[in-house]
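Coordinates in review
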There are 2 protein chains.
Amino acid sequence: MQIFNEPNRADWSEILKRPTQTVKDIEATVVEIFNEIKLKKDVAIKKYTQLFDGVTIENLSVDYAEIEAATNLVEDELKQAIDLAKRNIEAFHSAQKTDPITVETVPGVLCWQEKRPIEKVGLYIPGGSAPLFSTILMLAIPARLAGCNDVVLCTPPDKSGAINPVILYTAALCGITRIFKVGGIQAIGAMTFGTETIPKVYKIFGPGNQFVTVAKQIATKYDVAIDMPAGPSELLIYADETANAGYVAADLLSQAEHGVDSQVILVSTSQTLLDEVQIELKVQLNVLPRKGIVIQAINNSKLIKMLDEKMSLELINSYGPEHFIVCSKNEDFFVENIRNAGSVFVGNFTPESAGDYASGTNHTLPTNGYAKQYSGVNLDSFLKSMTFQKISKLGIKNIGPAVEQMARAEGLQAHVNAMSLRLNDLKDE
Amino acid sequence: MQIFNEPNRADWSEILKRPTQTVKDIEATVVEIFNEIKLKKDVAIKKYTQLFDGVTIENLSVDYAEIEAATNLVEDELKQAIDLAKRNIEAFHSAQKTDPITVETVPGVLCWQEKRPIEKVGLYIPGGSAPLFSTILMLAIPARLAGCNDVVLCTPPDKSGAINPVILYTAALCGITRIFKVGGIQAIGAMTFGTETIPKVYKIFGPGNQFVTVAKQIATKYDVAIDMPAGPSELLIYADETANAGYVAADLLSQAEHGVDSQVILVSTSQTLLDEVQIELKVQLNVLPRKGIVIQAINNSKLIKMLDEKMSLELINSYGPEHFIVCSKNEDFFVENIRNAGSVFVGNFTPESAGDYASGTNHTLPTNGYAKQYSGVNLDSFLKSMTFQKISKLGIKNIGPAVEQMARAEGLQAHVNAMSLRLNDLKDE
């Protein structure tokens, strides 16, 4: 742990610096693979699946029998847990639906804004040691609620060419049956350009390692949008003497187990709490199966003693954490004044785990300080807002002369003409 | 004009292809200038302003006296026009404010979503032959309504080192007084990295030439967000026999005068209308001051005769126009079913000019087919949505076991522990 005692404001940015990621080398690889996918499509996808995942895939599509078989392999208790999470996520994301906004700005000038679904979206779910089925809930549920027509899912196959049954079960439960056995750079390339089997989409969602992250970034050069730029996951906790040191330590450790580059920060005005948490960390750490990873992340973690709550808040806002837990007697102060955070967890009984899985909020959140300018994934991430206007003859009379004035001042005579022609036709009405 | 008669669906994408932009060469220039700005800050800004704008700027900030002087130089009639536009844009964008959304997903689990302003935003307004003061209204008004703390504006100086008075007047009218005399790549670099004079921002908005477009794209690699990727402006009109051919021609010409690469498309089921519009175009074209530009854009424009409205709509959705004017006896069919368009103008008395300046809708819209996945600029562009959750002891009892199940299935034991610790403390309550 790195311990800081009331650091000077001038040092904050250095203390809170995130590890820099080097993407230069990866960029060249991504461009090379993308170019090959553009030309050779499925053949290229299969080649790189062989190369990176070590498995030959004949049929890139998951077929219905595989999904059905998966359903029988998932235990009932886990199914019930997934069901509960699904209901909560649906409830919270349904509530985000908005009605069209209509304003008659001046008599005869009717303007309205409506949100319509992005028609084709692609969800990426990483493979690796654990099946991240919870992320399917977080992406597929709002995609369905938004009304996206085509929702496809790509996830890498294991060495035997199979997809983890919980992944297949959860996808099907959310109504997604177009699932492809492809991961990494080649999955992002497939959804960017389209192949014989895998469709091109308009927007790609989902987490991934640095290869996937760079591939998504480069995909944006080819007219595809992405949910948000990514970075290692992070948690900042503000805790005062009313916090439970054992809970604080457990929450820090839950963040630390994500990876050696996880960011873990504890800010407090209470030295007692800071001391207690350090003891708790050592005790709880010992029993964790991912201890190796956790120790490395905890070694890089930061415990920061601050003078008061106001300074603490400023420091937190300057960091802009992905996850922010606040356990304070003055929690309202933090809730009201936090300006930069992805998701906020309030009080001793609101661990990050709750939001990661089942409270209802989305766990796809801006990392790397992007909470300063990006939203986490929400219903609107799957919609785009369009504007409409309908102007009557009266409306044109009301705004036409102003439009003529302004277009003339901008030197755009054809814009003036389009208005003058109409105003002229109406001058006797 | 290029004329197509009921083209095969297989040919649509070729017919509707936008001109490709080559950005490779520009990228290297941008990276070089960015690197110099990172190191030398204001010195680099002044150097490139000298090089590209041909003027030596001592003080990059516009001072208050310059703004005051500008106010006296703008004619009253234009001021009144700007006032009317401002009121309408304010009315439409104020209406886009949303209340927090609160849901108790299960008893004791309270989730809410709130939008909070992006604190620091930068607006870019291009220079050139005409002062694009209308874009200031479109960006500064929602920035102010959203509550962004720091709103700065960059715009290039003319050869004498001055900024057009209408730009200064409009900016001040919208409450923006931090204005900097810097344009092009160096303006985007300044707002990306910050200099002694010009602050770093979290998100950059505004149009520009291809140098600005590439600079904005590259800025996103340095933790800055941008409003949207850009491309040449475009208009697609659907008009049937109820449309006024003279108005249709005038609207097409108003789009064509933006630049030689402007995209202008007319789709119709009526051959008579198509013939009439061609005649009108020739007549109206002759009197335009920007005739040289307009002729080139019109030469590349496309007139497409379609079999019926359903096929027309499909073609339009596959193109995803920035601006879409519909003059049809069945306008409701198009309004209800258009899925991909930036802004829609309905009926004979709703020219694009109206929305460009004064109806109240925003004119910063997705081009290049990005209407398929991006919103135009709106109030939300200056906000980010954050989620919050507060869970009671009852709430933890309700969702805790599901969280444990799911975290265990994902192999994340520390996530399980964070929940188990709390559930254990509550087992006798």
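This one's a predicted model, so the numbers in the text were calculated from it and none came from an experiment.

The rules behind these values
- Residues numbered from 1 in each chain as written.
- Chains lettered and ligands numbered in written order.
- Predicted model: local features only at pLDDT ≥ 70, side-chain atom pairs only at ≥ 80, totals over all residues.
- Heavy atoms only, no water.
- Helix = DSSP H or I, 4+ residues; strand = E, 2+ residues; numbered from the N terminus.
- Buried < 20%, exposed > 50% of the residue type's maximum accessible area, 1.4 Å probe, protein only.
- Contact = heavy atoms within 4.5 Å.
- Phe/Tyr/Trp six-rings, centres within 6.5 Å; stacked < 30°, edge-to-face > 60°.
- Lys NZ or Arg CZ within 6 Å of the ring centre and 35° of its normal.
- Disulfide = S-S within 2.5 Å.
- Axes fitted to C-alpha atoms, helices over the stretch in contact; angles between N-to-C directions.
- Parallel < 35°, antiparallel > 145°, perpendicular 65-115°, else oblique.
- Arc of directions from axis to C-beta.
- Pairing = 2+ DSSP bridges.
- Salt bridge = Lys/Arg side-chain N within 4 Å of Asp/Glu carboxyl O.
- Polar contact = N/O pair within 3.5 Å; in protein donor to acceptor, adjacent residues only side chain to side chain.
- Least-squares fit on C-alpha atoms with pLDDT ≥ 70 in both.
- pLDDT = per-residue confidence, 0-100.
- Buried area = accessible area lost by both parts, 1.4 Å probe.
- Nonpolar A, V, L, I, M, F, W, Y, C, P; charged D, E, K, R; others polar.
- Left-handed = near helix turned anticlockwise from the far one by under 90°.

Looking only at helices and strands, chain A features 17 helices and 14 strands. By its C-alpha atoms, chain A is 85 × 60 × 45 Å across when sized along the principal axes. In chain A, which comprises 429 residues, the proportion classed as buried is 61%. For chain A, the share of sequence-separated contacts (at least 6 apart) that also reach a separation of at least 24 residues comes to 74%.

To continue, consider the packing of aromatic side chains. Here the structure, examined in full by the defined rule, presents 22 aromatic pairs over all chains. An angle of 20° between the planes, with centres 5.8 Å apart, marks the rings of Tyr 48 of chain B and Phe 52 of chain B as stacked. Separated by four residues within a single helix, Tyr 48 of chain B and Phe 52 of chain B lie in helix 3 (residues 42-53), roughly one turn from each other. The structure contains a cluster of three or more aromatic residues connected by ring pairs, namely Tyr 238, Phe 324, Phe 333 and Phe 334 of chain A. When the ring centre of Tyr 319 of chain A is taken as origin, the NZ or CZ atom of Arg 18 of chain A, which lies over that ring, is 3.8 Å away.

Per the counting criterion, the structure on display carries zero disulfides over all chains. The thiol of Cys 174 of chain A is not disulfide-bonded; the next cysteine sulfur, from Cys 148 of chain A, is found 13 Å away. Looking at Cys 111 of chain B, it has no disulfide partner, and the nearest cysteine sulfur is the one in Cys 327 of chain A, 16 Å off. The class for Cys 111 of chain B is buried, based on a relative accessible area of 0%.

With that settled, consider the packing of helix 4 (residues 64-73) of chain B against helix 7 (residues 165-173) of chain B. Two packed helices can be described by the angle between their axes and the distance between those axes. Residues and elements named next belong to chain B. Axis separation between helix 4 and helix 7 bottoms out at 8 Å; the angle between their running directions is 105°. For the element pair helix 4 / helix 7, the angle class is roughly perpendicular. Two secondary-structure elements touch here, helix 4 through Glu 66, Ile 67, Ala 70, Thr 71 and Leu 73 and helix 7 through Pro 165, Leu 168, Tyr 169 and Ala 172.

Three or more residues of helix 12 (residues 291-299) of chain B are buried, namely Val 294, Ala 297 and Ile 298 of chain B. Seen from one end, helix 12 of chain B has its buried residues packed into an arc of 100°, which puts them on one side.

If you walk across this open sheet you meet the nine strands as 2(A)-3(A)-14(A)-13(B)-12(B)-9(B)-10(B)-11(B)-1(B), and the pairing is mixed. The open sheet has two edge strands, strand 2 (101-106) of chain A together with strand 1 (2-5) of chain B, and neither has a second partner. With direction set aside, neighbouring strand axes in the sheet form an average angle of 20°. As paired elements, strand 14 (residues 383-391) of chain A and strand 13 (residues 343-346) of chain B share four bridges and run parallel to each other. Directly across from Lys 390 of chain A, in strand 13 of chain B, lies its bridge partner Val 346 of chain B. On the sheet, helix 10 (residues 245-256) of chain B packs against strand 9 (234-239), strand 10 (263-268) and strand 12 (323-327) of chain B and is oriented at approximately 170° with respect to strand 9 of chain B.

A word on the sheet that holds strand 4 (residues 120-124) of chain B. The five strands lie next to each other as 6-5-4-7-8 (chain B), forming an open sheet whose pairing is parallel. Every other strand in the sheet has two partners, leaving strand 6 (179-181) and strand 8 (225-226) of chain B as the edge strands with one partner each.

The subject of this paragraph is the pattern of salt bridges. On inspection of all chains with the given rule, the structure shows 38 salt bridges over all chains. The salt bridge partner of Glu 6 of chain A is Lys 305 of chain A, with a shortest N-O separation of 3.1 Å. Of this pair, Glu 6 of chain A sits in the loop between strand 1 (2-5) and helix 1 (9-15) while Lys 305 of chain A sits in strand 11 (residues 302-305), and the two are 299 residues apart along the sequence. On the basis of relative accessibility, which here comes to 37%, the residue Glu 6 of chain A falls in the partly exposed class. Lys 305 of chain A sits in the buried class, given a relative accessible area of 13%. Across the pair Asp 150 of chain B and Lys 120 of chain B runs a salt bridge whose closest N-O atoms are separated by 3.5 Å. Highlighted residues: Asp 150 of chain B in strand 5 (residues 150-155) and Lys 120 of chain B in strand 4, separated in sequence by 30 residues. Its relative accessible area of 28% is what places Asp 150 of chain B among the partly exposed residues. Owing to a relative accessible area of 27%, Lys 120 of chain B belongs among the partly exposed residues under this scheme.

Residue and element names in this part refer to chain A. Topologically, Ser 268 is positioned in strand 10 (residues 263-268). Here Ala 239 takes part through its backbone oxygen, which lies 2.6 Å from a polar atom of the side chain of Ser 268. When near neighbours in sequence (up to four residues on either side) are disregarded, Ser 268 contacts Tyr 238, Ala 239, Asp 240, Leu 273, Leu 274, Ile 304, Lys 305 and Met 306.

What follows concerns unusual backbone geometry. The backbone of Lys 41 of chain A shows a phi angle near 50°, a positive value even though the residue is not glycine. In this structure Lys 41 of chain A comes out as partly exposed when scored by relative accessible area, which is 31%. Even without glycine at this site, Glu 6 of chain B takes up a positive phi of about 40°.

Let us look at the side chain of Glu 404 of chain B. Considering the arrangement of structural elements, one finds Glu 404 of chain B in helix 16 (residues 393-409). With sequence-adjacent residues up to four places away left out, Glu 404 of chain B is seen in contact with Val 416, Met 419, Ser 420 and Leu 423 of chain B.

In this section: the relation of the copies chain B and chain A. One copy of the chain maps onto the second through a rotation around an axis plus a translation along that axis. Aligned on chain A, chain B shows an RMSD of 0.0 Å; the corresponding rotation is 180° and the shift along the axis is 0.0 Å. Here the symmetry operator amounts to a two-fold rotation axis. When each C-alpha of chain B is compared by its distance to the rotation axis, Thr 98 of chain B comes out closest, at 4.4 Å. Mapped onto chain A, 100% of the interface residues of chain B are again interface residues, and the two copies thus contact each other with one and the same surface.

Below, the discussion takes up the confidence of the model for chain A. In this model, chain A carries a mean pLDDT of 95, and residues with pLDDT of at least 70 account for 99%. The complex prediction reports pTM at 0.97, with the ipTM value standing at 0.96.

Taken together, the 117 residues of chain B in the interface contact 117 residues of chain A. Between chain B and chain A the total buried area reaches about 10200 Å² when both faces are included, carbon and sulfur atoms providing 59% of it. Remark: the boundary between chain B and chain A carries eight salt bridges. Glu 27 of chain B is the salt-bridge partner of Lys 221 of chain A, the closest N and O atoms lying 3.3 Å from each other. Residues of the side of chain B that touches chain A, tallied by class, amount to 59 nonpolar, 36 polar and 22 charged.

All names here are of chain A. It is at 10 Å that the axes of helix 5 (residues 76-94) and helix 6 (residues 133-146) come closest, and there the two elements cross at 40°. Taken together, helix 5 and helix 6 sit at an angle that is classed as oblique. Pair helix 5 / helix 6 crosses with right-handed handedness. Here Leu 78, Ile 82, Ala 85, Lys 86, Ile 89, Glu 90, His 93 and Ser 94 of helix 5 come into contact with helix 6, specifically with Phe 133, Leu 137, Met 138, Ile 141, Pro 142 and Leu 145. Here the contact of helix 5 with helix 6 is composed, by residue class, of ten nonpolar, two polar and two charged.

The subject of this paragraph is the pairing of strand 14 (residues 383-391) of chain B. Residue and element names in this part refer to chain B. The element strand 14 is largely enclosed, with a buried count of eight among its nine residues. With nine bridges joining them, strand 3 (residues 109-117) and strand 14 adopt antiparallel strand pairing. Its bridge partner lying in strand 14, Arg 116 is registered against Lys 384.

Among the secondary structure elements, His 258 of chain B is positioned in the loop between helix 10 and strand 10. Beyond its immediate sequence surroundings of up to four residues, His 258 of chain B is in contact with Leu 412 and His 415 of chain A together with Ser 233 and Arg 290 of chain B. A distance of 3.2 Å separates the side chain of His 258 of chain B from the side chain of His 415 of chain A, its partner in a polar contact.

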